[in-house]
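# Examination of the molecular architecture
The primary structure of each chain is shown beneath.
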Amino acid sequence: MLLLNEVSRTFAGPDGDVRAVDGITLSVDAGELVVVEGPSGSGKSTLLFVCGALLKPTQGTVLVTGEDPYALSPNDRSTFRARNIGFIFQQFHLVPYLSVLSNVLAANTPCPQPGYRERAEELIRHFHLEHRANHLPSQLSIGERQRTALARALLNRPKLLLADEPTGNLDHDNAVIVLDALSDYAENDGAVLLVTHDPSASERAHRKVRIRDGRFQQPPGLSEVQTGRRTETSI
Amino acid sequence: MNDSKRGHMSLLRMAWNEIAYRKVNFVLGVLAVAIACGTLLGFVVGLRAYDMRSRQALARKEQQLKGDLKRLRNEIRKATLKLSFNLIILPKDQSMREWHEKGYGTTCMSEEYVHRLADSKLLIVRHFLPILQQKLEWPEMKRTVILVGCRGEVSNIHKDPRMPLVQPVPDGKIVLGHEVHQSLHLEPGQEVRLLGRNYVVHKCHKERGSRDDVTVWIPLSDAQELLDKKDRINAILCLQCLCLGNVPMDKMRAEVRKRLPDTQVIEFGTKILARAEARLKVKSESLAALDREQQHQRQLAGERETFAAVLVSVVLVMSATCIGLLSFLNARSRRPEVGILRAVGFRMRQITHLFLSRCILTGLLGGLLGCLAGIVVGLLFTESVPATFLTDTSLLSWQWLLGAFLLAPVLALAGWPAVVAASIQDPAHTLRGG
């Protein structure tokens, strides 16, 4: 579902170029939940944006569902993103002037398809937000905001779900709801790439990789991370 | 929630929700546009109202001047009548010495001369009065009088008919000078006999202190018969029209002689000309003063228009700056929103539309409010200035209203740079907290 091959991304810094991501090769298959761990500034988020067709790599190739999004025009890449990729962020990034329902439906605006209202309502019910459907984000609790963001990310049934510290601001109960949703999503043939510091999140990973200074710490094929559900053999 | 019923949010709906969420910014933008449009229309209305008032005042002044000049012309006509005539045409062989001694001519010329003169294209004389006069003994009253036979004025067929300066003596009537009717104790309506003919006293003149006091007037044809001078006259009085008073006397004399070669023309009444010239000078100076006033008003109007143009331009620039700043602040506060919308698949064009919808709504609403303010100002001015509202000649024409309304969205586009900046921002940079 997601395939990175020797992907690098550099940024111009005051003391010369900085390699935020340095020659990373990674694959995430359908039905897999892969956790990326690493200290702050190690390049986790940059890797996530590169995977999400938001940040073009300076080197290497990115394939999502077998297609290189960076080979597309900006407009086509936006459409590709809308149809194939879902995002969840630690800061939720809800549109402040839209209600919960509208925030969820906003994901269907770039490429409108009929029948998504029912799916939006179903997701809202699934995440116990039905009583908040017409509330603005500012009227929601932190957990409710993240659940709304999760519902928005899942609306278009993306093939790849990218989550950047989704439980970082949540209490235990809400974190469990979010992680359950991500696990369920992966169980249903979705591909999930989860960047997190949360040990409980790591426990749910099918595979786990550590990143430092833009590079994976273990060479591909040597990582043997035992998770509660699957044994990882390589990245 | 119609959009959400369809399963997605329309951009317009999103823009409307955003406006409702960030009311203060939107209201300030609308006010900036409204102030700009309102100022523009307000100045237009104010300037046009002032112009109308100025025009009305000038028209009143002009009307008043015309009335004054008309009165002046009538006064001149009356003054001319009282003072005597301008020219007298005598036969060529009339001795001047004799004419001055006796006060009337002793030789005659054909009455036809007056018709020839009247029918000619002599443009400088308007009134012709043929007379036959002679000093004689009034046998029935046993006294000497000057008998004047006169008829009505011979009209100049090349010009507009004018009120005659001297009224003719009706048939069978006689007009008496002051000394004559006083000494003979005659009054209007009494019958008198002159050279064997009966006349009814038509009018008795007041004292003039001239030969007129010893003069009697009868119809010209009667005088010609009584004096046995059929179709003969001994003078033609030419009453000069005052409107041609600036024509030199030499020219008038030459004009008459050209048409009646065997006559001579005597000038008198230069005082009348002097007065006429003075009146004409007054008229020309009045017209010049009116012209100066009009020029002054035009100059003032020009200065006001320049001032208004500068002020309106300043207001427009300030409004545009204000709108640009508000748009920039709006776009800045929406950076995370733009980032996530780009992340979920919104295209740059859709982001542009989202921001542009806001700009256009700001412009339309601001324009509407500004135009309403302009209409209110127009109505207030219309109450004080009689004008037809919303027509071509009104204080505020529909063209100005339309112009101001169209200006509003254009003005709102001052936020365009902020819109472009928002739409091209890097979503990854924003979402990473940059």
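All of these numbers come straight from a predicted model, not from anything done at the bench.

## Things to note about the overall build of chain B
In terms of regular secondary structure, chain B is built from 14 helices and 11 strands. If you take every contact in chain B between residues at least 6 apart in sequence, the share linking residues at least 24 apart comes to 80%.

## Quick word on the overall build of chain A
Broken down by element type, chain A carries seven helices and nine strands. The buried share of chain A, reckoned over its 235 residues, is 51%. A separation of at least 24 residues holds for 68% of the contacts in chain A among residues at least 6 apart in sequence.

## Observations concerning the sheet that holds strand S3 (residues 33-37) of chain A
Within a beta sheet, neighbouring strands are joined by backbone hydrogen bonds and run either parallel or antiparallel to one another. All names here are of chain A. Pairing is mixed across the open sheet formed by six strands, whose spatial order is S5-S6-S7-S3-S8-S9. In this open sheet, the two strands that pair with only one neighbour each are strand S5 (85-89) and strand S9 (215-216). As paired elements, S5 and strand S6 (residues 160-164) share five bridges and run parallel to each other. The residue bridging Gly 86 from the neighbouring strand is Leu 161, located in S6. Across the sheet, helix H6 (residues 172-187) is in contact with S3, S6 and strand S7 (191-195); its angle to S7 comes to roughly 150 degrees.

## What to know about helix H10 (residues 335-343) of chain B
The buried count for H10(B) comes to seven of nine residues, which makes it a mostly enclosed element. Count one or two residues on from H10(B) and you reach Gly345(B), which has phi positive near 115 degrees.

## Observations concerning the interface of chain A and chain B
Each partner contributes to the interface: chain A provides 34 residues, whereas chain B provides 25 residues. Those elements giving two or more residues to the side of chain A that touches chain B turn out to be helix H1 (44-51), helix H2 (74-84), S5, helix H3 (100-106) and helix H4 (116-126) of chain A. For the side of chain A that touches chain B, the element with the highest residue contribution is H2(A), accounting for six residues. Its residues placed into classes, the side of chain A that touches chain B shows 20 nonpolar, 11 polar and three charged.

## Quick word on the sheet that holds strand S1 (residues 2-13) of chain A
Residues and elements named next belong to chain A. In space, the three strands of this open sheet follow the order S2-S1-S4, with antiparallel pairing throughout. Here the strands that pair on one side only, and so sit at the sheet edges, are strand S2 (16-28) and strand S4 (59-64). Sheet twist, expressed as the mean angle between neighbouring strand axes with direction ignored, is 30 degrees. Bridge analysis of S1 against S2 gives nine bridges, and the strand direction is antiparallel. Following the sheet pairing, Leu 2 is matched in S2 by Val 28.

## Points about helix H13 (residues 416-423) of chain B
Three or more residues of H13(B) are buried, namely Ala418(B), Val419(B), Ala422(B) and Ser423(B). Down the axis of H13(B), the smallest arc covering the buried residues is 130 degrees, so these residues share one side.

## Observations concerning the packing of H4(A) against helix H5 (residues 142-155) of chain A
Axes are the key here: two packed helices are described by the angle between their axes and the distance separating the axes. All names here are of chain A. Relative to each other, H4 and H5 sit at 145 degrees, their axes nearing to 9 Å. The chirality of how H4 crosses H5 is right-handed. Two secondary-structure elements touch here, H4 through Tyr 116, Arg 119, Ala 120, Leu 123 and Ile 124 and H5 through Ala 151, Leu 154 and Leu 155. The class makeup of the residues in the contact of H4 with H5 is seven nonpolar, no polar and one charged.

## Here's the deal with the environment of Leu290(B)
Residue and element names in this part refer to chain B. Positionally, Leu 290 belongs in helix H9 (residues 270-333). Here Leu 290 falls in the partly exposed class, since 16 other C-beta atoms lie within 10 Å of it. With 229 residues separating them in the primary sequence, Leu 290 and Lys 61 have C-alpha atoms 7.8 Å apart. Filtering out sequence-adjacent residues up to four positions away, Leu 290 remains in contact with Lys 61, Glu 62 and Leu 65.

## Digging into unusual backbone geometry
Backbone geometry at Phe92(A) places phi at a positive 65 degrees, although glycine is not the residue there. Residue Leu195(B) is not a glycine yet carries a positive backbone phi of 50 degrees. Within the element layout of this structure, Leu195(B) appears in the loop between strand S6 (191-194) and strand S7 (197-204).

## Remarks on the nonpolar core
Of all hydrophobic cores here, the largest spans 125 residues; its most connected members are Leu182(A), Val192(A) and Leu194(A). Among the elements that make up this core, the one with the highest residue count is helix H3 (residues 23-83) of chain B (14 residues). Those residues within four positions of Leu194(A) in sequence are excluded, and the remaining contacts are Leu33(A), Val34(A), Val35(A), Ala163(A), Leu182(A), Ala201(A) and Ala205(A). Among the nonpolar cores identified, the runner-up in size contains 39 residues, and Ile89(B), Met109(B), Leu147(B) and Ala223(B) belong to it.

## Considering the pairing of S7(A)
All names here are of chain A. In terms of burial, S7 is a largely internal element, five of the five residues being buried. Because side chains alternate across S7, one face comprises the buried residues Ala 191, Leu 193 and Val 195, and the other comprises Val 192 and Leu 194, equally buried. Relative to S7, S3 runs parallel, the two being bridged by four bridges. The partner of Val 35 across the bridge, within S7, is Leu 194. Handedness of the β-α-β unit built from S6, H6 and S7 comes out right-handed.

## Here we look at the confidence of the model for chain B
All names here are of chain B. The share of residues in chain B with pLDDT of 70 or more is 80%, and the mean pLDDT across the chain is 80. Long-range and interchain partners of residues 241-245, a stretch whose pLDDT sits below 50, account for 12 contacts in this model, where long-range means more than four residues apart. If you check the scores for this complex, the pTM reads 0.62 and the ipTM reads 0.86.

## Considerations on the confidence of the model for chain A
A residue-level look at chain A finds 92% of positions with pLDDT of 70 or above and a mean pLDDT of 86. In the model, residues 219-235 of chain A has pLDDT below 50 throughout and makes 31 contacts with residues more than four positions away in sequence or in other chains.

## Remarks on the environment of Ile174(B)
Residues and elements named next belong to chain B. Tracing the backbone shows Ile 174 in strand S5 (residues 173-176). The spacing of Ile 174 and Glu 191 is 17 residues in sequence and 9.2 Å in space, taken between C-alpha atoms. When residues no more than four places from it in sequence are discounted, the contact partners of Ile 174 are Val 192, Leu 194, Tyr 199, Val 201, His 202, Val 216, Trp 217 and Ile 218.

## Comments concerning the packing of H5(A) against H6(A)
Residues and elements named next belong to chain A. The N-to-C vectors of H5 and H6 enclose an angle of 10 degrees; their axes lie 9 Å apart at closest approach. Judged by the angle between their axes, H5 and H6 are roughly parallel. Considering how the two elements wind past one another, H5 and H6 form a crossing that is left-handed. For the pair formed by H5 and H6, the contact residues are Gly 143, Gln 146, Arg 147, Leu 150 and Leu 154 on the first element and Asn 174, Ile 177, Val 178, Ala 181 and Tyr 185 on the second. Its residues assigned to classes, the contact of H5 with H6 shows six nonpolar, three polar and one charged.

## Here's the deal with the environment of Phe89(A)
Tracing the sequence through the fold places Phe89(A) in strand S5. Phe89(A) gets classed as buried once you count the C-beta atoms within 10 Å, which come to 26. Sequence-wise, Phe89(A) and Val195(A) are 106 residues apart; in three dimensions their C-alpha atoms are separated by 9.7 Å. In this view, Phe89(A) contacts Ala149(A), Asp164(A) and Leu431(B); residues no more than four positions away in its chain are not counted.

The rules behind these values
Residues numbered from 1 in each chain as written. Chains lettered and ligands numbered in written order. Predicted model: local features only at pLDDT ≥ 70, side-chain atom pairs only at ≥ 80, totals over all residues. Helix = DSSP H or I, 4+ residues; strand = E, 2+ residues; numbered from the N terminus. Contact = placed C-beta atoms within 7 Å. Buried ≥ 20, exposed ≤ 12 C-beta atoms within 10 Å, placed from the backbone. Pairing = 2+ DSSP bridges. Axes fitted to C-alpha atoms, helices over the stretch in contact; angles between N-to-C directions. Nonpolar A, V, L, I, M, F, W, Y, C, P; charged D, E, K, R; others polar. Arc of directions from axis to C-beta. Left-handed = near helix turned anticlockwise from the far one by under 90°. Core = buried A, V, L, I, M, F, W, Y, C linked by C-beta atoms within 7 Å. Right-handed = clockwise from strand over helix to strand, strands pointing away. pLDDT = per-residue confidence, 0-100. Parallel < 35°, antiparallel > 145°, perpendicular 65-115°, else oblique.

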